[in-house]
Amino acid sequence: MGEFDYIELKIAPIYFKQQLLGLKNFEIRKNDRPFEVGKYLSLAEYENGEFTGRAVTRVITCITDYAQRDGYVVLGTKAI
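The rules we used
Residues numbered from 1 in each chain as written. Predicted model: local features only at pLDDT ≥ 70, side-chain atom pairs only at ≥ 80, totals over all residues. Heavy atoms only, no water. Salt bridge = Lys/Arg side-chain N within 4 Å of Asp/Glu carboxyl O. Buried < 20%, exposed > 50% of the residue type's maximum accessible area, 1.4 Å probe, protein only. Phe/Tyr/Trp six-rings, centres within 6.5 Å; stacked < 30°, edge-to-face > 60°. Lys NZ or Arg CZ within 6 Å of the ring centre and 35° of its normal. Patch = residues over 30% accessible without salt bridge, like charges linked within 9 Å, V, L, I, M, F, W, Y side chains within 5 Å. Areas by Shrake-Rupley, 256 points an atom, 1.4 Å probe, with all protein chains shown as cover. Helix = DSSP H or I, 4+ residues; strand = E, 2+ residues; numbered from the N terminus. Contact = heavy atoms within 4.5 Å. Pairing = 2+ DSSP bridges. Axes fitted to C-alpha atoms, helices over the stretch in contact; angles between N-to-C directions.

*Asks:* Any chance you could explain the pattern of salt bridges here in plain terms?
*Replies:* One pass over the full model with this rule turns up four salt bridges. In this structure, R29 and E27 form a salt bridge, with 2.9 Å as the shortest nitrogen-oxygen distance. With a relative accessible area of 15%, R29 lands in the buried category. Overall, the relative accessible area of 3% leaves E27 in the buried class. By sharing partners, the salt bridges in this structure join K24, E27 and R29 into a single network.

Here's what the structure looks like:
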């Protein structure tokens, strides 16, 4: 994989845990990154202004802006 295949994002502990356990298979994010189906997300847990050192990697399976605030997208995610 190339340098631009991974997109690093901060994630709050509650949502990190849901992604980790497979209970959440999406992310709602500001569309300010080069999101594309097939790219990987590195979701780094972020709490109290600091990274915790824990992260999970997910692949983007679909992208939609249906019924979202302007400039936001829903990213379908899947464990790899």
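*Asks:* What's the story with the packing of aromatic side chains in this structure? I'm lost.
*Replies:* Centre-to-centre distance and the angle between the planes together describe a pair of aromatic rings. Using the criterion set out here, one finds two aromatic pairs in the structure. Note on Y46 and F51: the rings are 4.8 Å apart at their centroids and 70 degrees apart in plane angle, and the pair reads as edge-to-face. It is K10 that lies over the ring of Y46; its NZ or CZ is 4.2 Å from the centre. The aromatic ring of F26 is capped on one face by K24, whose charged end is 5.0 Å from the ring centroid.

*Asks:* What's the story with a nonpolar patch on the surface in this structure? I'm lost.
*Replies:* A contiguous nonpolar surface patch, about 330 Å² in accessible area, is contributed by L20, L21 and L23. Examined against the element boundaries, L20 turns out to sit in helix α1 (residues 13-20). The class for L20 is partly exposed, based on a relative accessible area of 44%.

*Asks:* How should I be thinking about the environment of A55 in this particular structure?
*Replies:* As for its placement among the helices and strands, A55 is situated in strand β4 (residues 50-64). On the basis of relative accessible area, A55 is assigned to the partly exposed category, the value being 48%. Sequence spacing of A55 and A44 is 11 residues, and the spatial spacing of their C-alpha atoms is 4.2 Å. Ignoring any residue separated from it by four or fewer positions in sequence, one finds A55 in contact with F16, S42, L43 and A44.

*Asks:* How should the sheet that holds strand β1 (residues 6-11) be read in this particular structure?
*Replies:* Ordered by their spatial adjacency, five strands build an open sheet running β1-β3-β4-β5-β2, and the pairing between neighbours is mixed. Every interior strand has two partners, whereas the edge strands, β1 and β2 (26-30), have only one. Shown here is a sheet whose adjacent strand axes are inclined to one another by a mean of 45 degrees, direction ignored. Bridging between β2 and strand β5 (residues 72-79) involves five bridges; their strand directions are antiparallel. The partner of F26 across the bridge, within β5, is G76.

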